[in-house]
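Here is what each chain is made of, one letter per residue.
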Amino acid sequence: VYSKTIRRRALDLCFQRIIAEQRSTQYQALSPVNGLLNCLAIWSRDAKHPDFVPSLEGVSKWKWEDATEGIRYVGARSTAWDTAFSILALTESPAVAAGSGETLRRGYAFLRDTQITSEITDYREQGRDPAAGGWCFSDGAHRWPVSDCTAEALCAVLALHHLEDEVVAEQERIPDDRLAQAAEFILYRQNADGGFGTYERRRASSWLERVNPSEMYGQCMTERSYIECTASSISALSDFRQSYPGVLQPRIDNAIQRGVAFLRRSQRPDGSYAGFWGVHFTYAIFHVTKALRASGVSADDATLVRAAEWLVSKQKPDGGWGEHYSGCLSDRYVEHPVSQVVMTSWSLLALMQVMPRDSEPVRRGIAWLAARQEDDGSWPSQAVNGVFFGSAMLDYRLYKSYFPVWALARYAASSAATRPVSKL
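The text that follows walks through the structure, step by step, so that each part is easy to find. (Residues numbered from 1 in each chain as written. Predicted model: local features only at pLDDT ≥ 70, side-chain atom pairs only at ≥ 80, totals over all residues. Heavy atoms only, no water.)

Taken together, the side chains of Glu 166, Glu 170, Asp 176 and Asp 177 define an acidic patch exposed on the protein surface. Summarising the element assignment, Glu 166 is placed in the loop between α7 (147–161) and α8 (176–187). (Patch = residues over 30% accessible without salt bridge, like charges linked within 9 Å, V, L, I, M, F, W, Y side chains within 5 Å. Areas by Shrake-Rupley, 256 points an atom, 1.4 Å probe, with all protein chains shown as cover. Salt bridge = Lys/Arg side-chain N within 4 Å of Asp/Glu carboxyl O. Lys, Arg positive; Asp, Glu negative; His and termini not counted. Charge placed at Lys NZ, Arg CZ, Asp CG, Glu CD. Helix = DSSP H or I, 4+ residues; strand = E, 2+ residues; numbered from the N terminus.)

Two measures describe an aromatic ring pair: the distance that separates the ring centres and the angle between the ring planes. The tally for this structure, following the rule as stated, stands at 24 aromatic pairs. Ring-pair connections join several aromatic residues into one group, and the members of that group are Trp 81, Phe 85, Phe 137, Tyr 283, Phe 286, Trp 346, Tyr 396, Tyr 399, Tyr 402, Phe 403 and Trp 406. Above the plane of the ring of Phe 15 lies Arg 45, whose end atom (NZ or CZ) is 4.5 Å from the centre. For Arg 189, the ring lying beneath its charged end belongs to Phe 185, and the centroid distance is 3.7 Å. (Phe/Tyr/Trp six-rings, centres within 6.5 Å; stacked < 30°, edge-to-face > 60°. Lys NZ or Arg CZ within 6 Å of the ring centre and 35° of its normal.)

Note the cis peptide between Val 279 and His 280, where omega equals -15 degrees. Mapped onto the elements, His 280 comes out in the loop between α10 (249–266) and α11 (281–294). With a phi close to 55 degrees, Gln 26 is a non-glycine residue in the positive phi region. Counting through the fold element by element, Gln 26 comes out in the loop between α1 (4–24) and α2 (32–45).

Another aspect to go through is empty space enclosed by the protein. Using the criterion set out here, one finds one cavity of 30 Å³ or more in the structure. Taken as a whole, the largest cavity spans an internal volume of roughly 50 Å³. As for the largest cavity, its lining consists of Arg 128, Asp 129, Pro 130, Ala 131, Trp 144, Pro 145, Arg 189, Tyr 199 and Glu 200. Among the residues making up the lining of the largest cavity, the classes are represented as five nonpolar, no polar and four charged. (1 Å grid on protein atoms, 1.4 Å probe; cavity = no way out; pocket = protein on both sides within 12 Å on 5 of 7 lines; lining within 4 Å. Points joined across faces, edges and corners; volume = space filled by probe spheres on them. Nonpolar A, V, L, I, M, F, W, Y, C, P; charged D, E, K, R; others polar.)

Okay, helix α3 (residues 52–59) next. Among the residues of α3, Phe 52, Ser 55, Gly 58 and Val 59 are the ones counted as buried. End-on view of α3: buried residues confined to an arc of 120 degrees, all on one side of the axis. Each element contacted by the buried residues of α3 is listed here: α1, α2, β1 (63–66) and β2 (70–73). (Buried < 20%, exposed > 50% of the residue type's maximum accessible area, 1.4 Å probe, protein only. Arc of directions from axis to C-beta. Contact = heavy atoms within 4.5 Å.)

Soluble, globular proteins show a tendency: their nonpolar side chains are buried together. By size, the foremost hydrophobic cluster in this structure holds 99 residues, and its most contacted members are Trp 81, Leu 237, Phe 240, Leu 263, Tyr 399 and Phe 403. In terms of residues, this core owes the most to one element, α7, which gives 10 residues. Beyond its immediate sequence surroundings of up to four residues, Phe 240 is in contact with Leu 154, Leu 158, Leu 179, Ala 180, Ala 183, Val 247, Leu 248 and Ile 252. Counting residues in hydrophobic clusters, the runner-up holds seven residues, among them Phe 15, Cys 39, Ile 42 and Phe 52. (Core = buried A, V, L, I, M, F, W, Y, C linked by side-chain atoms within 4.5 Å.)

Glancing now at the environment of Ala 180. Structurally, the position occupied by Ala 180 is in helix α8. When neighbours within four sequence positions are excluded, Ala 180 is seen to be in contact with Phe 240, Val 247 and Leu 248.

Axis angle and axis distance: for two packed helices, these are the angle between their axes and the distance between the axes, and together they describe the pair. In the contact formed by helix α15 (residues 360–371) and helix α16 (residues 399–412), the axes pass within 11 Å of each other and the chain directions differ by 135 degrees. In this view, α15 runs oblique relative to α16, as classed from their interaxial angle. Where α15 crosses over α16, the handedness of that crossing is left-handed. Of the residues in α16, those in contact with Val 362, Arg 363, Ile 366 and Leu 369 of α15 are Pro 404, Ala 407, Leu 408 and Tyr 411. Among the residues making up the contact of α15 with α16, the classes are represented as seven nonpolar, no polar and one charged. (Axes fitted to C-alpha atoms, helices over the stretch in contact; angles between N-to-C directions. Parallel < 35°, antiparallel > 145°, perpendicular 65-115°, else oblique. Left-handed = near helix turned anticlockwise from the far one by under 90°.)

What follows is the structure, encoded as structure tokens:
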């Protein structure tokens, strides 16, 4: 039965949530998509509303402009994400880290200063989960932290703390209690099935997807457990447990055990893993191998061996790997006609967690990757490598920079003791 009263109450509640979202995100909103829609909602309610102009100005925070492509609006800014992975790439090899001190110090300072250290006002009334301790995908200004962004940032911070040659002065380090808070933030995102969500734990059933009002996003109505978020979270919790034994340990031990079980169950019969936030199977396997090895799973474990065998079966004749974004739409592996720098780097990073460095697939992949490096030290831009909710493709411009460095640094690392020894 249609009721004007119920409709009005529902609209009023939605409007209150919109205003709360705009204010808590410093008027940037979670993304430019909902930011612009929020502007329209405020304007339709009251064109002179005091939050309308700040909200409209907040949309400009998502604007990007350069001489090559002009003005466009980005779907998200990956500042913290890129910084964390860049630090992990540069710290993979002691020799590389030793020559990157100033870069690493500046990257560390960025992560230190962008961690969320205070809670969102009235977050429970807004239906939010706790945010303190987390890192956002971007610079943290909109205060929507994410499990895997927090996890990779925590891994990067701990990697710098573990360097033999001190890069970050003691007085500049992130306090231990803030790192423990980051670990707690990650723990809070674990679902009942052992996997981890992104912004929050799963709250509703998948039937809500049937009323998805968007025209471009799939599986966006509810949180779920994501392979990549689960893997990143396991990696970070494992690193934290090693650095701070005894701190939160019963909870962390349990979370890792459940997360590893989730990853094992998620492996497909052919040994592959399907990703959600990247293209696609090679991306997922990169994260899974990193997590399982960090948690203590041996290199000759059947799950890892099967994943490595699957990767080897997809290596191209020229030594590289290439995956086409259309596989994200069909949920199957689709080979790209051309080997890709980013997918090759992911595959090599995964294989070197399981196979010896001198194995033929690794040597061929490294040779292909090294041969594609340009005179200025960079690698060429190629096909799209990211995806958002299964259907919106994302171009991560820096993936082609730090993932190849990471793979080559791992290959060149001199410490044989840290290399896995199993063979396929």
